Amino acid sequence: MTWDVSALAEAERADFAVLLKSLALPQWQAPSLCAGWTVRDVVAHLLSYEELGPAEVVRRFARGRLRLSGANAIGLAECANQDSRQLVDLLDRSVRPRGLTTAFGSRIALLDGMVHQQDVRRPLGLPRDIPADRLIPALNFARFAPPIHARSRIRGLRLIATDVDWTAGRGPDVHGRGEALLMAMAGRRGVTPELEGPGVPLLHSRIGG
């Protein structure tokens, strides 16, 4: 099947914007699934590359010593003075992916938006059903996406989604909802109890926590 990934990323961001507009200020200040980051920090990070041109991206990575974590920290610091309303306004202007997130046919925008939306929703107790036509291409890309580093976590395992038509890999089975598999691939702690199969202990040990 062929997907219009740019359109899917745009739909994912539009849904994220709807969620953010519904949050009260204490929810913006609540911890997310990203260690040390609040909900506000996650949103700021998601948008921190959106208005950068190629030369500005290069300069940010140079300042971050060519490490993604360093570049992310710089981007977050540069957004430190933006409040929740300003961030929502920026997301509204950025529903159509721009800049760095359009890489890999906008798959970075789709995956980043989906994972970070779940980073916000899960600790706030706000579940949702992700449309299969968005979830499947996100799962496919997550296996190889440079920012996710999933290969070492899922090597030698067979992942099987129980709610969408998706299977990948070889080895002991790990099965569960596609969203839980995605978040486990992204290294999010606390997700593996939602999964089943003989491969779960190995996956849990690789994630840690």
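As a reminder, the structure under discussion sits directly above these lines.
Residues numbered from 1 in each chain as written. Predicted model: local features only at pLDDT ≥ 70, side-chain atom pairs only at ≥ 80, totals over all residues. Heavy atoms only, no water.

Draft legend 1. View of the pairing of strand β1 (residues 158-161). With four bridges connecting them, β1 and strand β3 (residues 173-176) associate as parallel partners. Bridge pairing links R158 to D173 in β3. Where β1 lies against strand β2 (residues 167-168), two bridges are found, and the strand directions are antiparallel. When the sheet's bridge partners are listed, I160 is paired in β2 with T167. Linking β1 back to β2 in an antiparallel pair, the connection comprises five residues. (Pairing = 2+ DSSP bridges. Helix = DSSP H or I, 4+ residues; strand = E, 2+ residues; numbered from the N terminus.)

Draft legend 2. Molecular detail of the nonpolar core. If you look at the biggest cluster of nonpolar residues, it comprises 39 residues, and the most contacted ones within it are L111 and W166. Counting only elements with at least two residues in this core, the list comes to α1 (5-22), α7 (103-124), α8 (132-142), β1, α10 (178-185) and α11 (200-207). Both of domain 1 (5-124) and domain 2 (132-207) provide at least three residues apiece to this core. Not counting the four nearest positions on each side in its chain, L111 is found in contact with A138, F141, A142, A145, I148 and L182. The next biggest cluster of nonpolar side chains, apart from the first, holds 23 residues, and it includes A17, L23, L90 and L124. (Core = buried A, V, L, I, M, F, W, Y, C linked by side-chain atoms within 4.5 Å. Buried < 20%, exposed > 50% of the residue type's maximum accessible area, 1.4 Å probe, protein only. Domains from an automatic or database assignment. Contact = heavy atoms within 4.5 Å.)

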